[in-house]
2 protein chains.
Amino acid sequence: MAYSIGIDLGGTQIKAAAFSPDGDVLHRETSPTRDGDRVDGVPAWADTIRRLLTTWTTRFGSEPGRVGLAAPGLPAKDARSIQSMPERMDGLEGFDWGRFLERADGVEVLNDAHAALLGEVWKGAARGLTDAVLLTLGTGVGGAVLANGRLLRGAIGRAGHLGHISLDLHGPVSILRTPGAIEELIGECSLPTRTGGRFDTTRALLAAAESGDAAAAEVWVRSIRALACAIVSYINVLDPEVVILGGGITEAGELLWHPLEQELEQLEWRPGGHRVPIVRAELGGWAGAYGAAAPVLA
Amino acid sequence: MAYSIGIDLGGTQIKAAAFSPDGDVLHRETSPTRDGDRVDGVPAWADTIRRLLTTWTTRFGSEPGRVGLAAPGLPAKDARSIQSMPERMDGLEGFDWGRFLERADGVEVLNDAHAALLGEVWKGAARGLTDAVLLTLGTGVGGAVLANGRLLRGAIGRAGHLGHISLDLHGPVSILRTPGAIEELIGECSLPTRTGGRFDTTRALLAAAESGDAAAAEVWVRSIRALACAIVSYINVLDPEVVILGGGITEAGELLWHPLEQELEQLEWRPGGHRVPIVRAELGGWAGAYGAAAPVLA
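Residues numbered from 1 in each chain as written. Chains lettered and ligands numbered in written order. Predicted model: local features only at pLDDT ≥ 70, side-chain atom pairs only at ≥ 80, totals over all residues. Heavy atoms only, no water.

**Some details on the sheet that holds strand β11 (residues 141-147) of chain B**
All names here are of chain B. In space, the five strands of this open sheet follow the order β12-β11-β10-β13-β14, with mixed pairing throughout. Two strands close off the open sheet at either side, each with one partner strand: β12 (150-151) and β14 (278-280). Pairing analysis gives three bridges linking strand β13 (residues 242-246) to β14, with the strands arranged parallel. If you follow Ile244 over to β14, its bridge partner there is Val279. Running over the sheet, helix α3 (residues 112-123) touches β10 (132-137), β11 and β12 and is turned about 55° from β11. Lying on the sheet, helix α7 (residues 214-238) is in contact with β10, β11, β13 and β14; it crosses β10 at an angle near 155°. (Pairing = 2+ DSSP bridges. Helix = DSSP H or I, 4+ residues; strand = E, 2+ residues; numbered from the N terminus. Contact = heavy atoms within 4.5 Å. Axes fitted to C-alpha atoms, helices over the stretch in contact; angles between N-to-C directions.)

Okay, structure coming up:
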């Protein structure tokens, strides 16, 4: 059977999913990444993925028809490897997945945020759309853009680094050098700095704000203002049919959506009353694995 | 002969150009827009364009094979008219150009900034590229995006409103409601406000700065910082092969390019040393008329 496999190699977890030719989920599995460990001379995450393929080949009685892999960093032009990932996942840069997994047809390697958007296009909040923005709000702020019905990769595969737009000419500089980047204004990586070391998760910040901590509430108000300004910027540049929000911070629920909608009432350009729907990602942590296997738009 | 005509209907001037099937310029003409005047019951600009077509039909011995028209505002989905242009050019909204000019095949109506990018793709600084950003720096700040080899129009035709990204959460609000929009930080429309009424052109501001006026120099430094932050934001989101700058402010020459390059040295993410070329638009005021006639990418 020509089933396909999508793998999402993340910093802490490896997620893998197998799909039938009709796109039905046949099996899903999550493993620890063990970044930094090595097994038989290769990174532990590579060994885990090789074993997984062997096991699934036995399980399904044949080799998969197609394997796609999503990972952080910028993919090489030939999509056989991640070319640039300077910060972590030692050994990932230049790792040739097709050769390592002995796949004659190769393994298509995608940026993880790009894959997440493809997953949402295939089976989630962007089904049937041609222009969409996905913004993931978590430790960092990532994203991807669907433009004219195709994933926007750009000249060197960096398109969609939505966390790195400037909202303050002299603000704190992001890991990609952007002053006042939205990642520095709402990402959890910047929360200790923004709260004088009091909080390192949005959940804790919001619990304090709910209990009447005015300083915590003020930090959250500023985060939402920054998010709204970022979203209207994306809208004015990209004019998407929808803005999809994913990532751990969206677990804030109405504490996020309600003030965000209020800000957008003020800030969004709505020609002829047209407003862009802001919706929640549907696939959660599985979007990247699904997108790596997606038969669409690659 | 199946020549084609591109018309750029601007706020002060109408520019029209005729092209041979090979794309050679056969003729160009500039007329005043006379916004607000009426002739024979129609806006003066419509009458001027109708007369121009009649004259050129006589000149070339046949009707043009194709007519395209660029104008400010958002085109309708069917591209027969400008659907939304609330601020000026009374009568332009909903004006059906194909019917008015009695063209059986219709007249394709484009947003003027979109047309300018198509012109640069056809015969200017974006020839042969698939991913490009055009930014026009003048009274306002406009732009357009080429993504995956196609003009990015977006869901309702507003894509490329690059002047309306936020660079200050609490800055002055643009005509499209964006706080701290780059248009408010470098556009000439905002120069009187930014200089306490002392200057209303970049040329005058720079002349004063060159003569040792420290306050004028400081305003310019801030403008360039804002422009650099905007450009790195576009780069991180869109990952273009090139950023093309056009509009009157680029006449500042090295007074613009030199400090801009210095800022980008600091602010641009350059993975593997890759830097995005920032180049000047090549077609000047003719980009829109050329793009309206461009046989590509429509």
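Now that the structure has been shown, the text picks up again.
**With respect to the nonpolar core**
Residues Ile182, Ile231 and Leu245 of chain A together with Ile182 and Ile231 of chain B are the most contacted members of the largest nonpolar core, which totals 92 residues. Discounting residues that sit within four places of it in the chain, Leu245 of chain A has contacts with Leu135, Leu137, Ile231, Thr250, Leu256, Trp257, Leu260, Ile278, Val279, Arg280 and Ala281 of chain A. (Core = buried A, V, L, I, M, F, W, Y, C linked by side-chain atoms within 4.5 Å. Buried < 20%, exposed > 50% of the residue type's maximum accessible area, 1.4 Å probe, protein only.)

**Some details on the packing of α7 of chain B against helix α8 (residues 254-267) of chain B**
Residue and element names in this part refer to chain B. It is at 9 Å that the axes of α7 and α8 come closest, and there the two elements cross at 50°. Looking at the two axes, α7 sits oblique to α8. The handedness of the crossing between α7 and α8 comes out as right-handed. Contacts between α7 and α8 involve Trp220, Ile224, Arg225, Leu227, Ala228, Cys229, Ile231 and Val232 from the former and Leu255, Leu256, Pro259, Leu260, Glu263, Leu264 and Leu267 from the latter. For the contact of α7 with α8, the residue count by class is 13 nonpolar, no polar and two charged. (Parallel < 35°, antiparallel > 145°, perpendicular 65-115°, else oblique. Left-handed = near helix turned anticlockwise from the far one by under 90°. Nonpolar A, V, L, I, M, F, W, Y, C, P; charged D, E, K, R; others polar.)

**Observations regarding the sheet that holds strand β2 (residues 13-19) of chain B**
Residues and elements named next belong to chain B. Strand order in the open sheet formed by five strands is β3-β2-β1-β6-β9, and the pairing between neighbours is mixed. Of all the strands in the sheet, the pair left with one neighbour each is β3 (25-32) and β9 (108-111). The average undirected angle you get between the axes of adjacent strands in this sheet is 15°. As paired elements, β2 and β3 share seven bridges and run antiparallel to each other. The residue bridging Ala16 from the neighbouring strand is Glu29, located in β3.

**Considering the confidence of the model for chain A**
Any segment with low pLDDT has predicted coordinates that should not be analysed in fine detail. Residues with a pLDDT of 70 or more make up 99% of chain A, whose mean pLDDT is 95. Overall fold confidence for the complex sits at a pTM of 0.95, while the interface term, ipTM, reaches 0.95. (pLDDT = per-residue confidence, 0-100.)

**Notes on the pattern of salt bridges**
Between side chains of opposite charge, a pair can form when the charged atoms approach closely. All names here are of chain B. For the coordinates displayed, the defined rule picks out 36 salt bridges over all chains. A salt bridge links Asp47 to Arg51; the shortest N-O distance between them is 2.7 Å. Note that Asp47 and Arg51 are positioned in helix α1 (residues 44-60) at a spacing of four residues, about one turn of the helix. Residue class for Asp47 comes out buried when judged on its relative accessible area of 5%. For Arg51, a relative accessible area of 48% translates into the label partly exposed. (Salt bridge = Lys/Arg side-chain N within 4 Å of Asp/Glu carboxyl O.)

**What about the relation of the copies chain A and chain B?**
Once chain A is rotated about the relating axis by 180° and shifted along it by 0.0 Å, it coincides with chain B to within an RMSD of 0.0 Å. Accordingly, the operation relating the two chain copies is best matched by a two-fold axis. It is Leu167 of chain A whose C-alpha, among those of chain A, lies nearest the rotation axis, at 2.1 Å. Comparing interface residues between copies, 100% of those in chain A also sit at the interface in chain B, which points to an isologous, same-surface contact. (Least-squares fit on C-alpha atoms with pLDDT ≥ 70 in both.)

**Examining the interface of chain A and chain B**
Counting residues at the interface gives 50 residues for chain A and 50 residues for chain B. Between chain A and chain B lies a buried interface of about 4300 Å² when both sides are counted; carbon and sulfur atoms form 58% of it. If you look at where chain A meets chain B, you find two salt bridges. Across the pair Asp239 of chain A and Arg158 of chain B runs a salt bridge whose closest N-O atoms are separated by 2.9 Å. Here chain A and chain B share 30 residue pairs in polar contact (both at pLDDT 80 or more) between them. Ranked by residues supplied to the side of chain A that touches chain B, first place goes to helix α7 (residues 214-238) of chain A with ten residues. For the side of chain A that touches chain B, the per-class residue count stands at 24 nonpolar, 14 polar and twelve charged. (Buried area = accessible area lost by both parts, 1.4 Å probe. Polar contact = N/O pair within 3.5 Å; in protein donor to acceptor, adjacent residues only side chain to side chain.)

**Brief notes about the packing of aromatic side chains**
Working definition: an aromatic ring pair is given by the centre-to-centre distance plus the angle between the planes. Under the defined criterion, the tally for this structure stands at 20 aromatic pairs over all chains. Between Trp286 of chain A and Tyr290 of chain A the ring centres are 6.4 Å apart and the planes differ by 50°, which places this aromatic pair in the tilted class. An angle of 55° between the planes, with centres 4.8 Å apart, marks the rings of Phe19 of chain B and Trp122 of chain B as tilted. Placement of the pair is Phe19 of chain B in strand β2 and Trp122 of chain B in helix α3, with a sequence separation of 103 residues. Looking at Phe19 of chain B, the relative accessible area reads 0%, which means it is buried. (Phe/Tyr/Trp six-rings, centres within 6.5 Å; stacked < 30°, edge-to-face > 60°.)

**A look at helix α1 (residues 44-60) of chain A**
Residues and elements named next belong to chain A. Helix length check: α1 (17 residues) gives 24 Å between terminal C-alpha atoms against 24 Å at 1.5 Å per residue, within 8%. Ala44, Trp45, Ala46, Asp47, Thr48, Ile49, Leu52, Leu53, Trp56 and Phe60 are the residues of α1 that are buried. Phi turns positive one or two residues past the end of α1, at Gly61, with a value near 80°. (Expected span 1.5 Å × (residues − 1).)

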